[in-house]
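Fold and contact review
So the chains spell out like this:
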Amino acid sequence: MTDADLLRSLGVDPSQLDPAPPWVPRQSAGAERLDGSHPCVRCGEPARATGVVTVPGSGRRWLDRCMPCLTATAPRGGPRAPLADTLAVLREVAREAGVDLTIVTDES
């Protein structure tokens, strides 16, 4: 997931985020921001996690989130196998179990 995708999934306009410095040492990347004065961009609760996103046209911006919103929006890996292979396995398991199964996907 790109930074732009993450912001889109959060419904955040990057221009509304605080500008981040051009370079921040990794160990102290946002420790000073986590003093409770910055709200989560998603829900408004005090931020407990922060990071920097880079979006073309907006530059580097701070992305502050509370832990529940961080967890809810953390990128997750997709299936390790092609979708067709995953669906074939599901169909076979359902057949062996004697279960009627209907799979609906947004793929053709």
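First, a word on scope: everything that follows refers to the structure included in this document. For clarity, every value in this text was computed on a predicted model and none was experimentally measured.

This next bit is on the environment of Leu101. Locating Leu101 in the fold gives a position in the segment after helix 3 (83-97). According to the relative accessible area criterion, Leu101 is partly exposed, its value standing at 43%. Note: C-alpha distance between Leu101 and Arg91 (10 residues apart in sequence) is 7.1 Å.

With the rule as written, the count across this model stands at four salt bridges. A salt bridge links Asp5 to Arg8; the nearest nitrogen and oxygen atoms lie 2.5 Å apart. Here Asp5 pairs with Arg8, and both are found in helix 1 (residues 3-10), just three residues apart, close to one helical turn. For Asp5, a relative accessible area of 31% puts it in the partly exposed group.

Time to look at the pairing of strand 1 (residues 49-55). The pairing of strand 1 with strand 2 (residues 59-65) spans seven bridges and is classified as antiparallel. Bridge pairing links Ala49 to Arg65 in strand 2. The hairpin formed by strand 1 and strand 2 contains three residues between the paired strands, and Gly57 there has a positive phi angle of roughly 90°.

Definitions and limits used
Residues numbered from 1 in each chain as written. Predicted model: local features only at pLDDT ≥ 70, side-chain atom pairs only at ≥ 80, totals over all residues. Heavy atoms only, no water. Helix = DSSP H or I, 4+ residues; strand = E, 2+ residues; numbered from the N terminus. Buried < 20%, exposed > 50% of the residue type's maximum accessible area, 1.4 Å probe, protein only. Salt bridge = Lys/Arg side-chain N within 4 Å of Asp/Glu carboxyl O. Pairing = 2+ DSSP bridges.

Treat this as a map of the structure, not an account of what it does.
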